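Breakdown of the fold
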Amino acid sequence: MGNKILSTFGLLGPSKSIETTLYALPAIIEQNPNIKFLILGMTHPNLLRSEGETYRNQLEAIVNQYGISDYVRFVNEFLSTEDLLAYLSITDVYLFT
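Residues numbered from 1 in each chain as written. Predicted model: local features only at pLDDT ≥ 70, side-chain atom pairs only at ≥ 80, totals over all residues. Heavy atoms only, no water.

Overview of the pattern of salt bridges
Following the criterion strictly, the structure yields 1 salt bridge and no others. Of the charged contacts, one joins Arg56 and Glu53 as a salt bridge, the two residues approaching to 3.3 Å between their closest N and O atoms. Taking relative accessible area as the criterion, Arg56 reaches 4% and is therefore assigned buried. Judged by its relative accessible area of 24%, Glu53 falls in the partly exposed class. (Salt bridge = Lys/Arg side-chain N within 4 Å of Asp/Glu carboxyl O. Buried < 20%, exposed > 50% of the residue type's maximum accessible area, 1.4 Å probe, protein only.)

Here we look at the sheet that holds strand 1 (residues 4–9)
One open sheet accounts for 4 strands, arranged 3-2-1-4; its pairing is parallel. The sheet terminates laterally at strand 3 (72–75) and strand 4 (93–94), the two strands that pair on one side only. Bridge analysis of strand 1 against strand 2 (residues 35–40) gives 6 bridges, and the strand direction is parallel. Across the sheet, residue Phe9 finds its bridge partner in strand 2, namely Leu40. Running at roughly 170° to strand 2, helix 1 (residues 18–31) makes contact with strand 1, strand 2 and strand 3 of the sheet. (Pairing = 2+ DSSP bridges. Helix = DSSP H or I, 4+ residues; strand = E, 2+ residues; numbered from the N terminus. Contact = heavy atoms within 4.5 Å. Axes fitted to C-alpha atoms, helices over the stretch in contact; angles between N-to-C directions.)

By themselves, these figures tell us nothing about what the structure is for.
In structure tokens form, the structure reads like this:
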């Protein structure tokens, strides 16, 4: 059986609350070990200018703290519409944060 894909996309910043999903992921993995969570998008340019990659680094720290790096993939780029649609076409659950 293939992976079930969870995804979210857009410019990253604290208002997205992606950490909420990361905190829940260990319990989700326990019941559904064949999942991958795709975090699609770059850090918001304004946030990047003022704080750098602080938010992304916090998310990566949560992934490492919970030992879920095999289940999470960061795609740190601005995706073309075509590429975004390709990712969404393989997505089973889209998380609108």
